Amino acid sequence: MSFIIAPSVLSADFGRLAEEVRAAEEAGADWIHVDVMDGHFVDNLTIGPDVTRAIDQATSLPLDVHLMVENPERHIDAFRSAGADTIGVHVEACRHLHGVIQQIKKAGARACVVLNPGTPASAIEAVIPDVDQVLVMSVNPGFGGQSFIPEVIPKITEIRTWIRKSGRNIDLMVDGGIGRDTVESVATAGANAFVMGSAFFKSGDYKRFVEDIRQRLAPYA
């Protein structure tokens, strides 16, 4: 299994955003994770397509864009045009989830379905054949720096079982409180992609942090 480290720019220094993104790439990160919040689906308000485009221009890494917004179908084309390679939408925000997934694919991006800690895995089982990625939130969405919710681990294992049965190459990502102390437990449960915000950008040495995480993950590859 190949592991993907995706620093979340939500925890970066926004005054030096392009520099921070380039530093993450130089440190050995695989993707850049972009958290988009609208102040409605979650309380926080973050960035839009213009800043996403600026991030895309600062790096050659794929952009993994996580839409924490109401009516995500209204924003897919704009973020795809801004450079999103993967677009994630919440099952809780989609009235017609299958249709939104198809819209993402039609726009030319990888489709990711996201579920909150309190949402059962069964909510996404029907779309496993259609998605390229599943993102399990291990904190309640909206703000960085929260503590990992360990009760999501059985959910990760359940979804990994469905992915194996599907025979498809689907990335299983975890986001929230992921760092040195938690990455091994979620890798053991079946995750292969890890969003890291505060743990990455507050580590002090991005390259050493990435090397340490890869060393911890090596036994599970």
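Okay, so let's go over this structure. All values derive from a computational prediction rather than experimental measurement.

Conventions and cut-offs
- Residues numbered from 1 in each chain as written.
- Predicted model: local features only at pLDDT ≥ 70, side-chain atom pairs only at ≥ 80, totals over all residues.
- Heavy atoms only, no water.
- Buried < 20%, exposed > 50% of the residue type's maximum accessible area, 1.4 Å probe, protein only.
- Helix = DSSP H or I, 4+ residues; strand = E, 2+ residues; numbered from the N terminus.
- Pairing = 2+ DSSP bridges.
- Right-handed = clockwise from strand over helix to strand, strands pointing away.
- Axes fitted to C-alpha atoms, helices over the stretch in contact; angles between N-to-C directions.
- Contact = heavy atoms within 4.5 Å.
- Phe/Tyr/Trp six-rings, centres within 6.5 Å; stacked < 30°, edge-to-face > 60°.

Burial within strand S5 (residues 110-115) is extensive, with five of its six residues counted as buried. Direction of pairing for strand S4 (residues 86-90) relative to S5: parallel, over a ladder of five bridges. Opposite glycine 88, over in S5, you have cysteine 112 as the bridge partner. This β-α-β element, S4 to helix H4 (residues 97-106) to S5, shows right-handed connectivity. As paired strands, S5 and strand S6 (residues 133-137) are joined by four bridges and run parallel to one another. Paired with valine 114 across the strands is leucine 135, a residue of S6.

Turning to the sheet that holds strand S8 (residues 193-196), a few remarks are in order. Pairing within the open sheet is parallel, and its eight strands lie in the order S1-S8-S7-S6-S5-S4-S3-S2. Lying at the two open borders of the sheet, with one neighbouring strand each, are strand S1 (4-7) and strand S2 (32-37). Neighbour to neighbour, the strand axes of the sheet diverge by 25° on average, direction disregarded. By the bridge criterion, six bridges tie S2 to strand S3 (residues 63-68) in an arrangement that is parallel. Bridging from a neighbouring strand, valine 34 pairs with valine 65 of S3. Across the face of the sheet, helix H2 (residues 49-58) comes into contact with S2 and S3 while running at roughly 165° to S3.

Turning next to the packing of aromatic side chains. Per the counting criterion, the structure on display carries five aromatic pairs. Aromatic side chains phenylalanine 200 and phenylalanine 209 sit 5.8 Å apart centroid to centroid with 90° between the ring planes, which places their arrangement in the edge-to-face category. On the accessibility criterion, phenylalanine 200 (0% relative accessible area) is buried. The rings of Phe200, Phe201, Tyr206 and Phe209 are connected pair by pair, giving a single aromatic cluster.

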